[in-house]
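Coordinate analysis (summary)
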Amino acid sequence: IKVLVISSGPMREYRFVRNTLFRHTGIDSDVWLQTITDASTGMVSQEATKLLTEFPSSAAELAKYNVIVAFDPDWERLSAEQRQFLNRWVQRDAGGLIAVAGELHTPQLAQEADKLRDVSVLYPVVLNRLLSELRISQGVDEAWPVMLTPEGRASEFLRIADATGNASTDLWQTFEGIYRSYPGRSVRDGAVVLASYGNPRARTQNGAPPFLATQFYGAGRTFFMGSAETWRLRSISPEGHQRFWTSLIRE
C-alpha cells in the first residue's frame, strides 16, 4: 500500500503514525510535513521513504498513492489545480482520504468551504464555520468517551487490540477517551457515523458530534476523525493504536 502522509506540523499523532507506517513491511509511506521548506529539507530527517516539500504536482504523481492521511493540513497550500487532482483521485481513481481535524487549519477549511470546495466535499462531515460556535476547548481538562455506533461496532477495522493480542471493538469501552472533537454542523448524505464524542457540553440539536465518520465519494472512500488524539489508545496498548491505523488504511 502506497501512502502519502501530510501534516501541518510534527504533532504527536503524526509522529506515532509516521513511525508505524515506516516500519510496516506492507506499507510504503512518503511524508509531506508542511513546516519543512526546500531550504530546510537537507537538515531534517523523517521516517519516510521520501520526504516531500509540496503536494504532487500532477495527476500522474498523485495516482501513485492508494491512501492519503492528512493531519489538519493547510489545504490552501495546494493550487486550485492540485485540489482538482485530489478530488478526481478520490472520485475516479478510487483513492482513500483520511482527514484528521485540528485547531489550526480545519477552521480555515470550514470558513473557506466554497473556495476549497474540491476538498471540503471530500469530508463526510460538514464542518462548523461559525467561530463563535466552535466548542473545541470545551472540557479540555477532562477526557470524554468515544462511543461506537452500531455501524462502528460492526466494523472489523475498528477492532483494536490489548497487550495480550486480544482484538475487539468492546475495548473502546475501556478507552479513557479524548479531550476534544471538531464540531460538525451536519453529516453529508450517505455518510455513516462510526463513533461519536461523548462530551455532553458538545452536543447540538443533531446530538453528539461525530468523532469518526466515513463516506463513499465516487469510486473512492473518505474518512473523518474529529481530532488527532487516537494516540491515547496506547493506554490500552501500543499495539492497539498501531492496529487501528494499519487496519484503517487497509479499509
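One structure accompanies this document, and this report is about it.

Reading guide: rules and limits
Residues numbered from 1 in each chain as written. Predicted model: local features only at pLDDT ≥ 70, side-chain atom pairs only at ≥ 80, totals over all residues. Heavy atoms only, no water. Phe/Tyr/Trp six-rings, centres within 6.5 Å; stacked < 30°, edge-to-face > 60°. Helix = DSSP H or I, 4+ residues; strand = E, 2+ residues; numbered from the N terminus. Buried < 20%, exposed > 50% of the residue type's maximum accessible area, 1.4 Å probe, protein only. Lys NZ or Arg CZ within 6 Å of the ring centre and 35° of its normal. Salt bridge = Lys/Arg side-chain N within 4 Å of Asp/Glu carboxyl O. Axes fitted to C-alpha atoms, helices over the stretch in contact; angles between N-to-C directions. Parallel < 35°, antiparallel > 145°, perpendicular 65-115°, else oblique. Contact = heavy atoms within 4.5 Å. Nonpolar A, V, L, I, M, F, W, Y, C, P; charged D, E, K, R; others polar. Core = buried A, V, L, I, M, F, W, Y, C linked by side-chain atoms within 4.5 Å. Expected span 1.5 Å × (residues − 1). 1 Å grid on protein atoms, 1.4 Å probe; cavity = no way out; pocket = protein on both sides within 12 Å on 5 of 7 lines; lining within 4 Å. Points joined across faces, edges and corners; volume = space filled by probe spheres on them. Pairing = 2+ DSSP bridges. Right-handed = clockwise from strand over helix to strand, strands pointing away.

Concerning the packing of aromatic side chains
- The full count for this structure, using the stated rule, is eight aromatic pairs.
- Ring geometry for Phe71 against Trp245: centres 5.7 Å apart, planes inclined by 45°, an arrangement best described as tilted. Here Phe71 is found in strand β4 (residues 67-71), whereas its partner Trp245 is found in helix α7 (residues 238-250), with 174 residues between them in sequence.
- A residue is classified by how much of its surface remains accessible, and Phe71, at 0% relative accessible area, is buried.
- Their ring planes at 75° and their centres at 5.9 Å tell us that Trp172 and Phe244 sit as a pair that is edge-to-face. Taken together, the residues Trp172 in the loop between β9 (167-168) and β10 (184-187) and Phe244 in helix α7 connect sequence positions 72 residues apart. Like Phe244, Trp172 is buried.
- Among the aromatic residues, those joined into a cluster by ring pairs are Tyr14, Phe71, Trp172, Phe175, Phe244 and Trp245.
- Positioned over the ring face of Trp231 is Arg12, at 4.2 Å from the centre of the ring.

Quick notes on the pattern of salt bridges
- Enumeration according to the criterion identifies seven salt bridges in this entry.
- The partner of Asp28 in a salt bridge is Lys2, with the nearest N and O atoms 3.1 Å apart. Highlighted residues: Asp28 in strand β2 (residues 28-33) and Lys2 in strand β1 (residues 2-7), separated in sequence by 26 residues.
- Residue classification places Asp28 among the partly exposed residues on the basis of a relative accessible area of 30%.
- What makes Lys2 buried here is its relative accessible area of 17%.
- Note that Arg232 is salt-bridged to Glu229, the shortest N-O span being 2.8 Å. Taken individually, Arg232 and Glu229 each receive the classification buried, so the pair is uniform in this respect.
- A single salt-bridge network, built from bridges that share partners, covers Lys2, Asp28 and Asp30.

Section: the packing of helix α1 (residues 12-23) against α7
- Where α1 meets α7, the axes come as close as 10 Å, and the angle between the chain directions of the two elements is 70°. As far as their axial angle goes, α7 and α1 are roughly perpendicular. Judged by residue contacts, Glu13, Phe16, Val17, Thr20 and Leu21 of α1 engage His241, Gln242, Trp245, Thr246 and Ile249 from α7.
- For the contact of α1 with α7, the per-class residue count stands at five nonpolar, four polar and one charged.

Describing the nonpolar core
- Membership of the largest hydrophobic core comes to 40 residues, with the highest contact counts inside it found for Ile98, Trp172, Met225, Phe244 and Trp245.
- The element best represented in this core is α7, accounting for four residues.
- For Met225, the residues in contact, after removing those within four places along its chain, are Glu13, Ala99, Val100, Ala101, Phe211, Leu212, Thr230, Phe244, Trp245 and Leu248.

What to know about α7
- With 13 residues, α7 extends 19 Å between its outermost C-alpha atoms, agreeing within 8% with the 18 Å of an ideal straight helix rising 1.5 Å per residue.
- Listing the buried residues of α7 in full gives Gly240, His241, Phe244, Trp245, Thr246, Ser247, Leu248 and Ile249.
- Buried residues belonging to α7 abut β1, α1, β4, β5 (96-100), β8 (160-161) and β13 (220-225).

So, the layout of surface pockets
- In this model, the largest pocket occupies a volume close to 250 Å³.
- Together, 17 residues line the largest pocket, and Ala101, Gly102, Glu103, Arg180 and Ala228 are the ones closest to its centre.
- Of the residues in the lining of the largest pocket, the class split is seven nonpolar, five polar and five charged.

Topic: the pairing of β4
- Counting buried residues in β4 gives five out of five residues, a clear majority hidden from the surface.
- Of the two faces of β4, the one carrying Val67, Val69 and Phe71 and the one carrying Ile68 and Ala70 are both buried.
- Across five bridges, the pairing between β1 and β4 is parallel. Paired with Val5 across the strands is Val69, a residue of β4.
- Bridge analysis of β4 against β5 gives five bridges, and the strand direction is parallel. Bridging from a neighbouring strand, Ala70 pairs with Ala99 of β5.
- In this fold, β4 hands off to helix α3 (residues 80-91), which returns the chain to β5; that crossover is right-handed.

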